[in-house]
Each structure stands twice: as structure tokens, then as C-alpha cells.
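# Coordinates in review
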Amino acid sequence: MSEGFDMAIEQTVATLAPGERIDRLARRIYGDETTGGVEALLAANPGLADYGGELPGGLALSVPNITAESIRETIRPWE
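These lines cover the structure that appears in this document, whether it is placed above or below. The shown structure was predicted, so the numbers you read here are calculated from the model rather than taken from an experiment.

In this section: the packing of helix α1 (residues 22–30) against helix α2 (residues 37–44). For the pair α1 and α2, the least separation of the axes is 8 Å and the interaxial angle reads 105°. Here α2 runs roughly perpendicular to α1, going by the angle between their axes. Each of Ile22, Asp23, Leu25, Ala26, Ile29 and Tyr30 in α1 lies in contact with α2, whose residues at this interface are Gly37, Val38, Ala40, Leu41 and Leu42. For the contact of α1 with α2, the per-class residue count stands at nine nonpolar, one polar and one charged.

According to the stated counting rule, one finds three salt bridges in the structure shown. In this structure, Arg28 engages Glu20 in a salt bridge whose closest nitrogen and oxygen atoms are separated by 3.1 Å.

About the thresholds
Residues numbered from 1 in each chain as written. Predicted model: local features only at pLDDT ≥ 70, side-chain atom pairs only at ≥ 80, totals over all residues. Heavy atoms only, no water. Axes fitted to C-alpha atoms, helices over the stretch in contact; angles between N-to-C directions. Helix = DSSP H or I, 4+ residues; strand = E, 2+ residues; numbered from the N terminus. Parallel < 35°, antiparallel > 145°, perpendicular 65-115°, else oblique. Contact = heavy atoms within 4.5 Å. Nonpolar A, V, L, I, M, F, W, Y, C, P; charged D, E, K, R; others polar. Salt bridge = Lys/Arg side-chain N within 4 Å of Asp/Glu carboxyl O.

Rendered as C-alpha cells:
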């Protein structure tokens, strides 16, 4: 279990569009890509960062709940 994130699964994203980016996915799910969503998705899905900038279509991801307490540091994958 990753520290700082509630790994209780809220939902599973069954199908991603080809070429979807993790920051855009976080924005779609959480409403903002700068409030810990990217970090939560990376923590809940080991190996996700290995895909690089664009995620493959059809990938299923675990989506954890995030709270203000779970946000420690923002990772901006485009920097």
C-alpha cells in the first residue's frame, strides 16, 4: 500500500482512448490534474509510468479516492 493515498478503489477505468495522457486522465476523473490525481493514479497502478507520455488504448486502471491529506507533492509529467 502506498503511503499517503487511500487505496480503496472508487472505480475502475475500463477503457482508455489510445494516446491518453496521465495528466488528462487525472483531470477527467478528479476535475484537476494538479491536486494529487496524477500521483494517486501512479501509486495505485505500479508500472503505469513505464508507458511514458501516452497510455495505450484499452488499459484498465485502478482509481483511488484522494483527499487533501493524501496530497504531498505534485508531479508534473510534462516537466
